[in-house]
There are 2 protein chains.
Amino acid sequence: MALINGHFLELEDSYLFSTVNKKVAAFGEAHPEKKIIRMGIGDVTLPLAPAVIDALHQAVDEMATKEGFHGYGPEQGYDFLRGAVRDYYKTHGVELEADEIFISDGAKSDIGNITDLFDGANTVMIPDPVYPVYVDTNIMDGRTILYLSATPENDFLPMPDGRHADLVYLCSPNNPTGAVYTREQLKAWVDYALENEAVLLFDAAYESFITDEKLPHSIYEVEGAKECAIEFCSLSKTAGFTGTRCGYTVVPKALYGKTAAGEKVQPNRLWLRRQTTKFNGVPYIIQRGAAAVFTPEGRAQCLNMIAYYRENAKLMADVLTRKGIYFTGGINSPYIWMECPGKMGSWEFFDFLLEKAAVVGTPGAGFGVNGEGFFRLTAFGNHENAEEAMARLEELL
Amino acid sequence: MALINGHFLELEDSYLFSTVNKKVAAFGEAHPEKKIIRMGIGDVTLPLAPAVIDALHQAVDEMATKEGFHGYGPEQGYDFLRGAVRDYYKTHGVELEADEIFISDGAKSDIGNITDLFDGANTVMIPDPVYPVYVDTNIMDGRTILYLSATPENDFLPMPDGRHADLVYLCSPNNPTGAVYTREQLKAWVDYALENEAVLLFDAAYESFITDEKLPHSIYEVEGAKECAIEFCSLSKTAGFTGTRCGYTVVPKALYGKTAAGEKVQPNRLWLRRQTTKFNGVPYIIQRGAAAVFTPEGRAQCLNMIAYYRENAKLMADVLTRKGIYFTGGINSPYIWMECPGKMGSWEFFDFLLEKAAVVGTPGAGFGVNGEGFFRLTAFGNHENAEEAMARLEELL
């Protein structure tokens, strides 16, 4: 019988969102008169920007004609989109070459698939709490994982602590904590990576929520990062593409790994080989829609959407500040990561909030050991609901 | 320094299509007056079907409204599409459950990623010549590969030969040979797999080109296949989706692999875990377009497209038959796999055909050792060009 990859059996089944859904459904049945407000999911709710819609329609029309039809495209993305991404990086002072940019169907796929490039013997360092994909994809490959404790003591921004790792995952603005690394903090990580000859896997999926001009949108704003970092980004939150699926991954040519024999190899070359072998590119139609995000018109429309969500976040942050509750995020991030009041556990507070206020959030314990005692609220809903939910919360606490 | 996956360096760089392109460009420069006809690429040329275009536009319009907007969808695909695929299988007498069907962004991704589920110690059996993805993805994982010789002696349809393997790749109708397994031949492979406790990885990407009612479209038309086979299919050739990207993979729940300790595990469960962890689903818009392929209207339109390509194939097959040249494919397949006349080598014939007739095909040697001395022509161009190319070929030979 074919031998399965036994590491899959080491994965813990995640019951986080299914348990949340079951509890909410049960509450809804028991209290049909109550209006439940959901602030738990990390999914956007505003429709796609008009510029994106126009570009999508236009691309569909092209596909209806012999002349405009597009068959197989380059696996790494069309030049028009790679060029647009390269120009976007320039606005943050980052100079990239187009062949360092790979168009993806979203950050999740590439963050998962990048592990193909690295030997199972590498030691991996991952913050806790964290987006579960980093941990699960490395368990699937059987790598040893070291956890970086993110706690209120370090404002949920863990720094190098002397331990060695070969691959280090960082996410800033962070999911779930909303915490954002400063340039100086990222510089320390770049120095660490260069010293340890490690590769930083930098998840910038929430970069467009950053308003503070001092905070870096990209790891490449830090000197030396091109020699040690791969960056993943996505239009999911930037432009509401969670169901439209497009992102990009930067693998600089100045970055090297080594073989067991000590030979230096460019991950850029390996990733190109991986993608041309196991991927056939993002749909032409979708790439046209994505390119519209980077036009002046599309950019303005998307920034309006982000501003809308950010107002929700501010509303939430203001209530927590008034109540003297510790939290991170909410300013340069769509996530608010709050301490559960009264020393409640994550699930205890979840039940409390659901029962007393009919408000749904996500128990922090679902994101790692250090998430216990914390709770994640998201800003992706509509204003009226966010206002009502926070009014209920303010009254309750 | 982070240790790279050294198996990547064992991959041979494929210069097949780049060498073809260089030679064609050089010829074009030297002979600007000649009309070059390309019959080498496996990419479709007809625009998307009107039913698909309508569905795409409609889905784009939905995404422009708050009510119709779709964010994250189920990673394994929307029920409306999984249901449509399930119903399509019924037309071939195959009963599947919707949760055995996984919507993909094309067969290439899933054929590549399925290797995640299996241990590196499995022995893999792969036909030669073959679509290079089977070989390359297993080299990346360091698996031992046994080759199955496909030759004129077995009509390019290799059968079990007594050697044991744990994973066996089969492609029918075949790329590049166009050869199609009969039901009896597939039964022999199913028996082999059940006896050897092997998993068949069955690539059915060209099934919609089958017209002979006796030939199976799906491995599941053979009894026992659900206990031993995973099937990959794609809308790339069925509906011209090479640049639109949608396909599906069937992982039956009756199929089991085992752990090193001998515990039985369902690959269905592992694939769901793999996809929910490393993939975020196909764009909603694209899934709506794909669903239109399975409506009566869409189906009829797509069959017309296939009939158009099939006429090209018939034209090509007729000329080769008249000339007494051995070939496979062309009847239930968009590919014609011909013996190079006059015992020429693959590249020799390529140069000869380009120089003398300005017709471009693909040298068979690019698909494996047994491809030497053979040549692939594809039927995806337009009628006029196919007619002209074959007239030139007929005159030349």
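This text goes with the structure placed above it.
Just so it is clear, the structure is predicted and the values come from calculations on it, not from any experiment.

**Focus on the pattern of salt bridges**
Alright, step 1. A full pass over the atoms with the stated rule returns 36 salt bridges over all chains.
Alright, step 2. When the shortest N-O distance is used, the salt bridge between B:R273 and A:D136 registers 3.2 Å. In this pair, B:R273 is assigned in helix α7 (residues 267–278) and A:D136 in helix α5 (residues 132–140), connecting two distinct chains.
Alright, step 3. Under the relative-accessibility criterion, B:R273 is labelled buried at 16%.
Alright, step 4. Since its relative accessible area comes to 14%, A:D136 is described here as buried.
Alright, step 5. Between B:D191 and B:K187 there is a salt bridge, with the nearest N and O atoms lying 2.7 Å from each other. One end of the pair is B:D191 and the other is B:K187, both in helix α6 (residues 183–196) and four residues apart, which spans about a single turn.
Alright, step 6. The class for B:K187 is partly exposed, based on a relative accessible area of 34%.
Alright, step 7. Several salt bridges share partner residues, and in doing so they unite A:K35, A:E388 and A:R392 into one network.

**Regarding the interface of chain A and chain B**
Alright, step 1. Across the contact, 86 residues belong to chain A and 86 residues belong to chain B.
Alright, step 2. In total, about 7200 Å² of surface goes out of reach between chain A and chain B, with carbon and sulfur atoms giving 61% of it.
Alright, step 3. A per-residue breakdown of the area chain A buries against chain B is headed by A:M1, A:L3 and A:K278, which together make up 12% of the total.
Alright, step 4. Our count for the contact surface shared by chain A and chain B stands at four salt bridges.
Alright, step 5. We note a salt bridge from A:E75 to B:K108, for which the minimum N-O separation is 2.9 Å.
Alright, step 6. Inspection of the chain A/chain B interface yields 41 residue pairs in polar contact (both at pLDDT 80 or more).
Alright, step 7. Among the elements of the structure, α2 (50–63), α4 (107–113), α5, α7 (235–238), β9 (257–258), β10 (264–265), α8 (267–278) and α9 (284–293) of chain A are those that each provide at least two residues to the side of chain A that touches chain B.
Alright, step 8. With eight residues, α8(A) is the single largest residue contributor to the side of chain A that touches chain B.
Alright, step 9. Residues of the side of chain A that touches chain B, tallied by class, amount to 36 nonpolar, 28 polar and 22 charged.

**Focus: the sheet that holds strand β12 (residues 335–339) of chain A**
All names here are of chain A.
Alright, step 1. Taken in spatial order, the four strands line up as β11-β12-β15-β14 in an open sheet, and their pairing is antiparallel. Looking at strand neighbours, the two that pair on one side only are β11 (327–329) and β14 (362–363), the edges of this open sheet.
Alright, step 2. Sheet topology note: the β14/strand β15 (residues 374–378) ladder contains two bridges and is antiparallel. Residue T362 lies in a different strand from β15, and its bridge partner there is R376.
Alright, step 3. Here helix α10 (residues 296–322) sits on the sheet in contact with β11, β12 and β15, set at roughly 15 degrees to β12.

**Details of the packing of aromatic side chains**
Residue and element names in this part refer to chain A.
Alright, step 1. A complete count under the given rule lists 46 aromatic pairs over all chains for this structure.
Alright, step 2. With centroids separated by 5.4 Å and ring planes inclined at 80 degrees, the aromatic side chains of Y78 and Y284 adopt a geometry described as edge-to-face. Placement of the pair is Y78 in the loop between α2 and α3 (79–90) and Y284 in helix α9, with a sequence separation of 206 residues. For the residue pair Y78 and Y284, the accessibility class agrees, reading buried in each case.
Alright, step 3. Centroid distance Y335 to F380: 6.2 Å. Interplanar angle 85 degrees. Geometry classified as edge-to-face. Here Y335 is found in strand β12, whereas its partner F380 is found in the loop between β15 and α12 (383–396), with 45 residues between them in sequence.
Alright, step 4. By way of ring pairs, the aromatic residues Y206, F209, Y308, Y309, Y335 and F380 are connected into one cluster.

**Focus: the relation of the copies chain A and chain B**
Applying a rotation about an axis and a shift along it to one chain copy brings it onto the other copy.
Alright, step 1. Least-squares fitting of chain A to chain B yields an RMSD of 0.0 Å, with the superposition described by an axial translation of 0.0 Å and a rotation of 180 degrees. The transformation relating the two chain copies, once decomposed into turn and shift, fits a two-fold axis. Residue A:H57, judged by its C-alpha, is the member of chain A lying nearest the rotation axis, at 3.1 Å.
Alright, step 2. The share of interface residues of chain A whose copies in chain B are also at the interface is 100%, consistent with both copies meeting through the same surface.

**Thoughts on the nonpolar core**
One broad trend across soluble globular proteins is that nonpolar side chains are buried collectively.
Alright, step 1. Judged by nonpolar contacts, the single largest core of 156 residues is most densely connected at A:L200, A:F241, A:Y248, B:L200, B:F241 and B:Y248.
Alright, step 2. Not counting residues up to four positions away in its chain, the partners in contact with B:F241 are B:L48, B:V52, B:L235, B:S236, B:C246, B:I286, B:G289, B:A290 and B:V293.
Alright, step 3. Counting residues in each nonpolar core, the second largest holds 63 residues, with A:Y131, A:Y134, A:L255 and B:L11 among its members.

**Focus: α10(A)**
Alright, step 1. Taking 1.5 Å as the rise per residue, α10(A) with 27 residues should run 39 Å; its terminal C-alpha atoms sit 38 Å apart, in good agreement.
Alright, step 2. Just downstream of α10(A) lies A:G324, where phi reads positive at about 70 degrees.

The rules behind the values
- Residues numbered from 1 in each chain as written.
- Chains lettered and ligands numbered in written order.
- Predicted model: local features only at pLDDT ≥ 70, side-chain atom pairs only at ≥ 80, totals over all residues.
- Heavy atoms only, no water.
- Salt bridge = Lys/Arg side-chain N within 4 Å of Asp/Glu carboxyl O.
- Helix = DSSP H or I, 4+ residues; strand = E, 2+ residues; numbered from the N terminus.
- Buried < 20%, exposed > 50% of the residue type's maximum accessible area, 1.4 Å probe, protein only.
- Contact = heavy atoms within 4.5 Å.
- Buried area = accessible area lost by both parts, 1.4 Å probe.
- Polar contact = N/O pair within 3.5 Å; in protein donor to acceptor, adjacent residues only side chain to side chain.
- Nonpolar A, V, L, I, M, F, W, Y, C, P; charged D, E, K, R; others polar.
- Pairing = 2+ DSSP bridges.
- Axes fitted to C-alpha atoms, helices over the stretch in contact; angles between N-to-C directions.
- Phe/Tyr/Trp six-rings, centres within 6.5 Å; stacked < 30°, edge-to-face > 60°.
- Least-squares fit on C-alpha atoms with pLDDT ≥ 70 in both.
- Core = buried A, V, L, I, M, F, W, Y, C linked by side-chain atoms within 4.5 Å.
- Expected span 1.5 Å × (residues − 1).

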